[in-house]
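# Chain and residue survey
Next come the chains, spelled out residue by residue.
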Amino acid sequence: GQQLNQSPQSMFIQEGEDVSMNCTSSSIFNTWLWYKQEPGEGPVLLIALYKAGELTSNGRLTAQFGITRKDSFLNISASIPSDVGIYFCAGPNYGGSQGNLIFGKGTKLSVKP
Amino acid sequence: DTGVSQDPRHKITKRGQNVTFRCDPISEHNRLYWYRQTLGQGPEFLTYFQNEAQLEKSRLLSDRFSAERPKGSFSTLEIQRTEQGDSAMYLCASTPHVGSGANVLTFGAGSRLTVL
C-alpha cells in the first residue's frame, strides 16, 4: 500500500541553524501537505503544495513539491526554540475520499537554545 | 470561532468499558473526519462525514467503533468494549473545501484515550 517515508526520524540542532527534512513515496502524489504537531496538540497545517516543482514559503519555512511527484522537502531557516515539534508530511490516500490522508511517521525536531 | 473543539481531552477507562468522544467542527465546515494517532506514528484515517452522511469508513474502524453526525454539526465517536489496543489520540478534523483543497484539514487538539 501507500507509504510515506520521512527522513530523518529526529534532529537535534542548535538555535539559529537551518533544518532540512524530506518525505518520499513509492507512488505519485498530486498534493503534498506539511503539518507540525506540538506535544498534546493536534497537527497544524504549515504548507500545502499542489504542483510538481512548486516551491512555497511560509515565513522561515519553505517546502518544495519534487519534480518526480514522489517526494517533498521542508526547510526551516534560522531555527528558534518554538520550532520544536514533530513535522509530518501527508498526501491523499488514493482510492479514498478527499481528506482521507496518508501521513508519514514524522521528523522530531529539538532545538537547543 | 475557536476552531475544532474536542471533548474530553483525556479519558482513562478500564478495559471493557464504553467511551464516547465529541467533536465540534468549525461552524461552516460541512466535511468532518476522525483520525487515530498512536505513539510514534502519524495520524491514520478512520472515517469521513459530509454533512450528516458517513461516506467512508476505514478498515481500522472495527464493529466496536461507531461514529455519528446526526444534524450535520457536531460528531461523536463511540468505542464499545474498549481494549488496551484502543489507547491512542483520537483526532477530529474538518474542512469547508472541495476538490484538492478538501485535503487541507483543520485538526482539533485531540482526545487522548488510555485503556487500563
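Shown above is the structure to which this text applies.
The shown structure was predicted, so the numbers you read here are calculated from the model rather than taken from an experiment.

## Comments concerning the pairing of strand β4 (residues 31-37) of chain B
Residues and elements named next belong to chain B. Most of β4 is tucked away, with 7 of its 7 residues classed as buried. Side chains of β4 alternate between two faces, with R31, Y33, Y35 and Q37 and L32, W34 and R36 buried alike. Two elements, β4 and strand β5 (residues 44-50), share 6 bridges in a ladder whose sense is antiparallel. Its bridge partner being in β5, W34 is matched across the sheet by T47. The hairpin turn running from β4 into β5, its antiparallel successor, is 6 residues long, and G40 in that turn takes a positive phi close to 80 degrees. Relative to strand β9 (residues 88-95), β4 is paired through 7 bridges, and the arrangement is antiparallel. Along β9, the bridge assignment pairs R31 with T95.

## A few points about the nonpolar core
Judged by nonpolar contacts, the single largest core of 22 residues is most densely connected at W34, L74 and L109 of chain A. Looking at this core, the elements that each hand over two or more residues are β2 (10-14), β3 (19-25), β4 (32-37), β5 (44-49), β7 (61-65), β8 (71-76), β9 (85-92) and β11 (107-112) of chain A. Counting residues in hydrophobic clusters, the runner-up holds 19 residues, among them V4, F21, F49 and I79 of chain B.

## Digging into the sheet that holds strand β1 (residues 4-7) of chain A
Strand-to-strand pairing in sheets goes through backbone hydrogen bonds, with the strands running parallel or antiparallel. All names here are of chain A. Read from one edge to the other, the open sheet built from 5 strands follows the order β1-β3-β8-β7-β6, with strand pairing classed as antiparallel. The open sheet has two edge strands, β1 and β6 (55-58), and neither has a second partner. In this sheet, adjacent strand axes meet at a mean angle of 15 degrees when their direction is disregarded. Judged from the 6 bridges that link them, β3 and β8 form a sheet pairing that is antiparallel. In the sheet register, V19 faces β8, and the bridge partner there is I76.

## Topic: the interface of chain A and chain B
One frequent convention defines the size of an interface as the accessible area lost when the parts assemble. Taken together, the contacts link 22 residues of chain A with 24 residues of chain B. Taken together, the two surfaces of chain A and chain B that pack against each other cover about 1,800 Å², and 50% of this comes from carbon and sulfur. Put simply, chain A and chain B have 0 salt bridges between them. Between the two partners, chain A and chain B, sit 10 residue pairs in polar contact (both at pLDDT 80 or more). For the side of chain A that touches chain B, the elements supplying multiple residues, two or more each, are β4, β5, β9 and β10 (101-103) of chain A. A per-element tally of the side of chain A that touches chain B places β4 of chain A first, with 3 residues. Partitioning the side of chain A that touches chain B into residue classes produces 10 nonpolar, 10 polar and 2 charged.

The rules behind each value
Residues numbered from 1 in each chain as written. Chains lettered and ligands numbered in written order. Predicted model: local features only at pLDDT ≥ 70, side-chain atom pairs only at ≥ 80, totals over all residues. Heavy atoms only, no water. Buried < 20%, exposed > 50% of the residue type's maximum accessible area, 1.4 Å probe, protein only. Helix = DSSP H or I, 4+ residues; strand = E, 2+ residues; numbered from the N terminus. Pairing = 2+ DSSP bridges. Core = buried A, V, L, I, M, F, W, Y, C linked by side-chain atoms within 4.5 Å. Axes fitted to C-alpha atoms, helices over the stretch in contact; angles between N-to-C directions. Contact = heavy atoms within 4.5 Å. Buried area = accessible area lost by both parts, 1.4 Å probe. Salt bridge = Lys/Arg side-chain N within 4 Å of Asp/Glu carboxyl O. Polar contact = N/O pair within 3.5 Å; in protein donor to acceptor, adjacent residues only side chain to side chain. Nonpolar A, V, L, I, M, F, W, Y, C, P; charged D, E, K, R; others polar.

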